[in-house]
Amino acid sequence: MPVNVERAELPGIGVRHDLVTAEGRRISIIDYREGGREVAVSDAHDPDRASLTVELTDDEATALSELLGGSLILSQVAGLREQIAGLYTEQVPMRADSPYIGRPLGDTKARTRTRCSIVAIVRETGVLPAPGPEDRLNAGDALIAVGTREGLDALARIINGG
């Protein structure tokens, strides 16, 4: 079900984006012109009054978006896994001795070699959904991949130099 996001210019302040949840609660994100963001959740009984506001730094806003985006991707992939026989999702850890540490994901040629898709990279700092070939791999990363059992096994061998 599509969600409608409304955008409103706030003269002299910034921009506000609003969405209304299935429960009828309004969630607003205010992006201040001078920097910073605020999340506001409407009161359950008065949609024009905020029951909660939270100020976010740029780093906090980025981390929150990565958490929400990453968890959505993982739940969608889990749903696919249940629907399609022969398709698996796996978390492939990057070992410290991997030949790809510090190198871009594209150097692995994982998709071409295994026909698996890497849909996210999980790091200590958060989740990087839909990584591109230019995204660098770090020791301790975990690659979230989708593919056949054989392809995922080959991906683990490639990633860790085996």
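For the structure itself, consult the block above.
Along each chain, numbering runs from 1 in the same order as the chain's sequence is written. In keeping with the predicted nature of the model, local features appear solely for residues at pLDDT of at least 70, side-chain atom pairs appear and are counted solely at 80 or more, and the whole-chain, interface and lining totals rest on all residues. Hydrogens and waters are ignored; side-chain quantities use all the structure's heavy atoms.

Student: Just checking my understanding: could you explain the pattern of salt bridges for this structure?
Tutor: A side chain with one charge may pair with a side chain of the opposite charge, provided their charged atoms come close. Should a side-chain nitrogen of Lys or Arg be within 4 Å of a carboxyl oxygen of Asp or Glu, the pair is scored as a salt bridge. Tallied over the entire structure, the rule returns ten salt bridges. Ionic pairing is found between Asp-31 and Arg-37, a salt bridge with its closest N-O pair at 3.9 Å. In this structure, the salt-bridge partner of Asp-141 is Arg-123, at a minimum N-O distance of 3.1 Å. Taken together, the positions of Asp-141 in the loop between β8 (126-129) and β9 (142-147) and Arg-123 in strand β7 (residues 117-123) put the pair 18 residues apart, joining distant regions of the chain. When its relative accessible area of 3% is taken as the criterion, Asp-141 is described as buried. By relative accessible area, which is 21% here, Arg-123 ends up partly exposed. In the salt-bridge network here, residues are joined through shared partners; they are Arg-16, Asp-18 and Arg-26. By definition, any uninterrupted DSSP run of H or I lasting at least four residues is a helix, any uninterrupted run of E lasting at least two residues is a strand, and each is numbered from the N terminus. Any residue under 20% of the maximum accessible area for its type is buried, any over 50% is exposed, and the rest in between are partly exposed; the area is computed with a 1.4 Å probe on protein chains only.

Student: Before we go on, may I ask you to explain the sheet that holds β8 in this structure?
Tutor: Hydrogen bonding along the main chain pairs the strands of a sheet, whether they run parallel or antiparallel. As summarised here, the arrangement of the four strands in space is β6-β9-β7-β8, forming an open sheet in which the pairing is antiparallel. The open sheet has two edge strands, β6 (88-93) and β8, and neither has a second partner. Averaged over neighbouring strand pairs, the angle between their axes works out to 20 degrees when direction is ignored. Here four bridges tie β7 to β8, and the two strands are oriented antiparallel to one another. Each residue of the ladder has a partner; that of Ile-121, found in β8, is Leu-128. The contact rule is simple, with two residues in contact once any of their heavy atoms fall within 4.5 Å. Lines fitted to C-alpha atoms define the axes here, with helix axes fitted over just the stretch in contact, and angles between the N-to-C directions of these axes take values from 0 to 180 degrees. Packed on one face of the sheet, helix α3 (residues 149-159) meets β6, β7 and β9 and runs near 10 degrees to β6. Strands qualify as paired when DSSP identifies two bridges or more between them.

Student: What is the right way to read the environment of Asn-4 from this model?
Tutor: By the element assignment, Asn-4 lies in the segment before β1 (5-10). A relative accessible area of 54% places Asn-4 in the exposed class. Along the chain, Asn-4 and Asp-18 lie 14 residues apart, while their C-alpha atoms are 8.4 Å from each other.

Student: Help me understand the packing of aromatic side chains, please; the structure alone is not making it clear to me.
Tutor: Any two aromatic rings considered together are summarised by their centre-to-centre distance and by the angle between their planes. For Phe, Tyr and Trp, where Trp contributes only its six-membered ring, two rings pair if their centres lie within 6.5 Å, and the inter-plane angle classes them as stacked under 30 degrees, edge-to-face over 60, or tilted in between. Summed over the entire model, instances satisfying the criterion amount to zero aromatic pairs. Geometry around Tyr-88 places Arg-149 over its ring, the cationic atom sitting 5.7 Å from the centre. Lysine and arginine charges are scored as sitting over a ring when NZ or CZ, respectively, is within 6 Å of the ring centre and within 35 degrees of the ring normal.

Student: Just to check I follow, could you spell out the pairing of β1 for this structure?
Tutor: Pairing analysis gives six bridges linking β1 to strand β2 (residues 14-20), with the strands arranged antiparallel. Bridge pairing links Ala-8 to Arg-16 in β2. The turn linking β1 back onto β2 is made up of three residues, and Gly-12 within it adopts a positive phi angle of 80 degrees.

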